[in-house]
Amino acid sequence: MMTRFPESIPVPPQVVAILRVLEDAGHETWCVGGAIRDALLGDQHHPAQDVDLATAAPPAVVRQLFRRTIPVGIEHGTVGVLDDDGVLHEVTTFRRDVRTDGRHAEVEFGVELDDDLARRDFTINAMAYHPVHQTWRDPFGGLDDLLAHRIRAVGDPDQRFHEDRLRILRALRFAARFDFTIDPETWRAATDQAHDTSHLSAERVRDEWIKGLTTARSAAHLATLWVRSGVAATWIPELHAVAPNDVRVDDRDPILVTAFLAAPSAPVWRRLKGSTAEIRRAEGIDRGPRSPGTPEPNVVRRWLADTGPAADDLVRLASWRDDAAAPWLETIAGIRERGEPTHRGALAIDGAQLLEAGFPSGPLVGRVIAVLLDAVLEDPSLNTHEQLLALARTVT
Ligand code: ATP
Ligand code: MG
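These remarks concern the structure in this document.

1. Things to note about the packing of helix H12 (residues 254-261) against helix H14 (residues 276-287)
- Taken N-terminus to C-terminus, the directions of H12 and H14 make an angle of 40°; their axes are 10 Å apart at the nearest point. When the axis of H12 is compared with that of H14, the two are oblique. In the packing of H12 onto H14, the handedness of the crossing is right-handed. Counted together, Ile255, Leu256 and Ala259 of H12 and Glu278, Arg281, Ala282 and Ile285 of H14 form the full contact between these two elements.
- Residues belonging to the contact of H12 with H14 are distributed by class as follows: five nonpolar, no polar and two charged.

2. Some remarks on the pairing of strand E4 (residues 78-82)
- Counted residue by residue, E4 has four buried out of five residues, so it is predominantly covered.
- The antiparallel pairing of strand E3 (residues 69-73) with E4 creates a hairpin that spans four residues between the two strands, and glycine 77 there sits at a positive phi of about 90°.
- In this structure, the hairpin formed by E4 and strand E5 (residues 88-93) is closed by a connection of five residues, where glycine 86 is found at a positive phi of approximately 80°.

3. Examining the nonpolar core
- Counting residues in hydrophobic clusters, the biggest one holds 89 residues, and the most contacted among them are Ile151, Trp209, Trp226, Ile236, Leu239, Leu261 and Trp328.
- Considering each element in turn, this core owes the most residues, nine residues, to helix H7 (residues 166-178).
- The residues touching isoleucine 151, leaving out its near neighbours within four places in the chain, are Phe122, Ile124, Ala171, Phe174, Ala175, Phe180, Thr181, Ile182, Asp183 and Thr186.
- If you look at the next biggest cluster of nonpolar residues, it comprises 16 residues, including Leu347, Ile369, Leu372 and Val395.

4. Considering helix H17 (residues 327-337)
- For H17, every residue scored as buried is listed here: Trp328, Leu329, Thr331, Ile332, Gly334 and Ile335.
- Looking one or two residues past H17, glycine 339 carries a phi angle of roughly 65°, positive in sign.

5. Topic: the site of ligand 1
- Neighbouring ligand 1 are 13 residues, the closest being Arg37, Asp164, Arg167, Arg173 and Arg177.
- Asparagine 125 places a polar main-chain atom, nitrogen or oxygen, 2.9 Å from an oxygen atom of ligand 1.
- Contact with the protein chains removes 76% of the 580 Å² of surface that ligand 1 exposes when unbound.
- When atoms are counted within 2 Å of each cavity's grid points, the one that captures over half of ligand 1 is the largest pocket.
- Elements represented by at least two residues in the shell around ligand 1 include exactly helix H2 (34-41) and H7.
- A per-element tally of the shell around ligand 1 places H7 first, with five residues.

6. Focus: the environment of threonine 100
- Inspection of the secondary structure assignment puts threonine 100 in strand E6 (residues 96-100).
- Spatially, the C-alpha atoms of threonine 100 and histidine 89 are 27 Å apart, while their sequence positions differ by eleven residues.
- Beyond its immediate stretch of four places on either side in the chain, threonine 100 contacts Ala105 and Glu163.

7. Re the packing of aromatic side chains
- Evaluated as defined, the whole model comprises nine aromatic pairs.
- Between tryptophan 209 and tryptophan 226, the aromatic rings sit 4.8 Å apart at their centres with planes inclined by 65°, giving edge-to-face as the arrangement. Of this pair, tryptophan 209 sits in helix H9 (residues 202-215) while tryptophan 226 sits in helix H10 (residues 219-229), and the two are 17 residues apart along the sequence.
- Here the basic side chain of arginine 173 rests over the ring of phenylalanine 174, its NZ or CZ set 4.8 Å away from the ring centre.

8. Some details on the pattern of salt bridges
- Under the definition given, this model contains 28 salt bridges.
- Measuring nitrogen to oxygen at the nearest pair gives 3.2 Å for the salt bridge that ties aspartate 158 to arginine 188. Linking aspartate 158 in helix H6 (residues 157-163) with arginine 188 in helix H8 (residues 184-193), this pair joins segments that are 30 residues apart in sequence.
- Since its relative accessible area comes to 30%, arginine 188 is described here as partly exposed.
- The network of salt bridges with shared partners includes Asp97, Arg119, Arg160, Glu163, Asp164 and Arg167.

9. Section: the sheet that holds strand E2 (residues 52-55)
- Strand order in this open sheet of seven strands is E3-E4-E5-E2-E1-E8-E9, and the pairing throughout is mixed. Strands with a single pairing partner mark the edges of an open sheet, and in this sheet they are E3 and strand E9 (135-137). In this sheet, neighbouring strand axes are inclined to one another by 35° on average, regardless of whether the strands run parallel or antiparallel.
- Here four bridges tie strand E1 (residues 29-32) to E2, and the two strands are oriented antiparallel to one another.

Calculation rules
- Residues numbered from 1 in each chain as written.
- Chains lettered and ligands numbered in written order.
- Predicted model: local features only at pLDDT ≥ 70, side-chain atom pairs only at ≥ 80, totals over all residues.
- Heavy atoms only, no water.
- Axes fitted to C-alpha atoms, helices over the stretch in contact; angles between N-to-C directions.
- Helix = DSSP H or I, 4+ residues; strand = E, 2+ residues; numbered from the N terminus.
- Parallel < 35°, antiparallel > 145°, perpendicular 65-115°, else oblique.
- Left-handed = near helix turned anticlockwise from the far one by under 90°.
- Contact = heavy atoms within 4.5 Å.
- Nonpolar A, V, L, I, M, F, W, Y, C, P; charged D, E, K, R; others polar.
- Buried < 20%, exposed > 50% of the residue type's maximum accessible area, 1.4 Å probe, protein only.
- Pairing = 2+ DSSP bridges.
- Core = buried A, V, L, I, M, F, W, Y, C linked by side-chain atoms within 4.5 Å.
- Near = heavy atom within 4 Å.
- Polar contact = N/O pair within 3.5 Å; in protein donor to acceptor, adjacent residues only side chain to side chain.
- Areas by Shrake-Rupley, 256 points an atom, 1.4 Å probe, with all protein chains shown as cover.
- 1 Å grid on protein atoms, 1.4 Å probe; cavity = no way out; pocket = protein on both sides within 12 Å on 5 of 7 lines; lining within 4 Å.
- Sits in = over half its atoms within 2 Å of the grid points.
- Phe/Tyr/Trp six-rings, centres within 6.5 Å; stacked < 30°, edge-to-face > 60°.
- Lys NZ or Arg CZ within 6 Å of the ring centre and 35° of its normal.
- Salt bridge = Lys/Arg side-chain N within 4 Å of Asp/Glu carboxyl O.

So this is what it looks like as structure tokens:
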């Protein structure tokens, strides 16, 4: 096991090239942030792709030194430098926060690397590596915390969370992603201020929640941390105190995972200002019913018709609960294999054809189609144009 920094870690040549340009112009530059942490962790899922650079060069100088730059976050000192392949690399001027109101920070340039590292949230995110000299800078004991599997705030956790409440959510996210514990002082500060996350914008909380769900080793663990810290009481009171069991999440669809961990889930997405499509989808899941209850094909077909577009989501949710072996799941597979109709659009006759056949336009057509669907759900073999037309003529 690693007990001190490795001699070197791989840094993409394009990043090293950018670093050299800056240093040749006389500006100290380091690799910083999450990529360094991930490289030390040997995190195969997150290979050191976007290595952030921190530099003494002021933003205007960074823009002058490279042919193609994009002012991605210029007010915070971040300039995007495009390499020859058009890939963007972030270069941020060493900075220090001079004023914070819990949401926004005003920054000051002309400071040193250690000042820049001091404004970072957690010790494991506050290490720097120099790929040319192969040297390390770790003023806050990030490596020790990494080895101890510990999330610890840089500096005084009360103050750091007060400066930016989003850091509370970030602590939970990193703890769940790496399966680390949160250092007691940091945890206490997080729980003390959990309620103050109410001042954050819904958009930022939503982004954190989604990032958390998609990166957590265990989504249930993330949910537990949100509940125990008190953040859930403020933002997602619908979260179950104890997650039902873990989500075997192959692809962490945030709407589905949230529905698995919280009920009802549509209010969550309304509160987090999700899109209309996301809210609709969550509503469909909430409406249910969760399952057809029995595996009889006609009952299952009816359930598919009732739940409509939510059916696929409900099926996946059911397979995540421990009734993965529920017999009705097999019935659905059969229904789909045989192509049996479970919605109006799959009927062998449509409204236009009914009008052509002489039915008067008006509410009758809708009623007729409802009757036809009902019959076909009961007996799929009725789904032929002739049989349905004949059946339609019996409706008055
Ligand atoms: P991820 O893999 O999620 O991108 P990351 O550590 O790279 O993890 P980013 O949000 O990309 O996280 O931020 C990059 C770096 O900027 C962090 O490692 C941390 O040093 C710093 N940082 C980001 N957000 C904050 C914050 N709210 N407060 C203090 N430092 C922050
Ligand atoms: Mg990052």
